[in-house]
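# Remarks on the overall topology
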Amino acid sequence: DLTFEGAAGQSFGAFVIQGMNIVLIGEANDYVGKGINGGRITVVPASMNKDDIGNQVILGNTCLYGATGGQLFALGRAGERFAVRNSGVNAVVEGAGDHCCEYMTGGVIVVLGSTGRNIGAGMTGGVTFLLDENNKAVERVNKEIVGIYELSNESQEAILKPLIVAHLEQTKSKKAEVILSNWSKWKKKFKILVPPSEKIKLGLESK
C-alpha cells in the first residue's frame, strides 16, 4: 500500500503488479498505469470540497497504454487516448478527451461524464460504458467496429454497477453516489460500446 501527495510526472503507476495498491492525492501527467498487469491505482484531487470536483482534469494523455490487468479509479477527467491498447484493466473516470478506448482489446472502461470525439476507434475487444446525459455519445463514437447500445439486461448491469460501487468506495465520488442513489433512473442514461467479439457475453447476440 503506497500513498503519494502532489503532482506526479509521467508514467505514474507504470507496470504495477498484483497486490499493489497505489493512491495519489493530487494529479498525474501522461501514461498513468502504462503496462500494469494487476493491483489498483486510485487518483483523487488534493481538494475534495469543490462542487464540480469530477470535472477537473486529473490524468494526462495515453493512460493505461498496453495495460493487461488491474484497476484504475480517478476522481476527475482523463486526457486524450484514455485506455489506448488496454487489454484487461477495469477503470472508472469522470470524463475523457478524444480517442478514448482506441485500439482496446479487453477490460471494462466506465466514463461518468463527457468524452471527446472518435471513441472506440479500432476497438476489437472489451466493453465501454458511457454516461450519456446529453445524448451526444452516438455522434462521437467511431462506429467502424463497435456498436452502440442502450443498457438492456442484467448481465450488463452486473458488469457496470459493481465498478461504480467500487469507484465510490475508492474516491468518494459525488457523481457515483448520485447515480447509485437512484439506479433505476440513471442506468437508462448509459450507452455501451460493444465490438462483435463481446456481443454474446453481453446478451446482444445468441450463441
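From a predicted model like this one, the values you see are computed outputs, not experimental measurements. (Residues numbered from 1 in each chain as written. Predicted model: local features only at pLDDT ≥ 70, side-chain atom pairs only at ≥ 80, totals over all residues. Heavy atoms only, no water.)

## What about the overall build of the protein chain?
Each helix and strand counted, the protein chain has 4 helices and 9 strands in total. A compact globule built from 207 residues would reach a C-alpha radius of gyration of about 17 Å, and the protein chain, at 15 Å, matches this within 12%. Over its C-alpha atoms, taken along the principal directions, the protein chain stretches across nearly 45 × 35 × 30 Å. For the protein chain, buried positions account for 53% of its 207 residues. (Helix = DSSP H or I, 4+ residues; strand = E, 2+ residues; numbered from the N terminus. Rg over C-alpha atoms; globule rule 2.2 N^0.38 Å. Buried < 20%, exposed > 50% of the residue type's maximum accessible area, 1.4 Å probe, protein only.)

## Points about the nonpolar core
Counting residues in hydrophobic clusters, the biggest one holds 36 residues, and the most contacted among them are Leu-59, Leu-64, Phe-82 and Ile-109. Taken together, the elements giving at least two residues each to this core come down to β2 (21–28), β3 (37–44), β4 (69–74), β5 (87–93) and β6 (105–111). Not counting residues within four places of it along the chain, the set of residues in contact with Leu-59 comprises Ala-28, Asn-29, Val-32, Val-43, Leu-72, Ala-74, Arg-77, Ala-78, Gly-79, Phe-82 and Val-93. By size, the runner-up hydrophobic cluster in this structure holds 21 residues, among which are Val-92, Val-108, Leu-160 and Phe-190. (Core = buried A, V, L, I, M, F, W, Y, C linked by side-chain atoms within 4.5 Å. Contact = heavy atoms within 4.5 Å.)

## Structural notes on the environment of Lys-199
Within the secondary structure, Lys-199 is located in the segment after β9 (190–194). A sequence separation of 52 residues divides Lys-199 from Gly-147, and the C-alpha atoms of the two residues are 9.3 Å apart. The contact partners of Lys-199, leaving out residues within four places of it in the chain, are Tyr-149, Val-194, Leu-204 and Glu-205. Within the structure, the side chain of Lys-199 is placed 3.4 Å from the side chain of Tyr-149, a separation counted as a polar contact. (Polar contact = N/O pair within 3.5 Å; in protein donor to acceptor, adjacent residues only side chain to side chain.)

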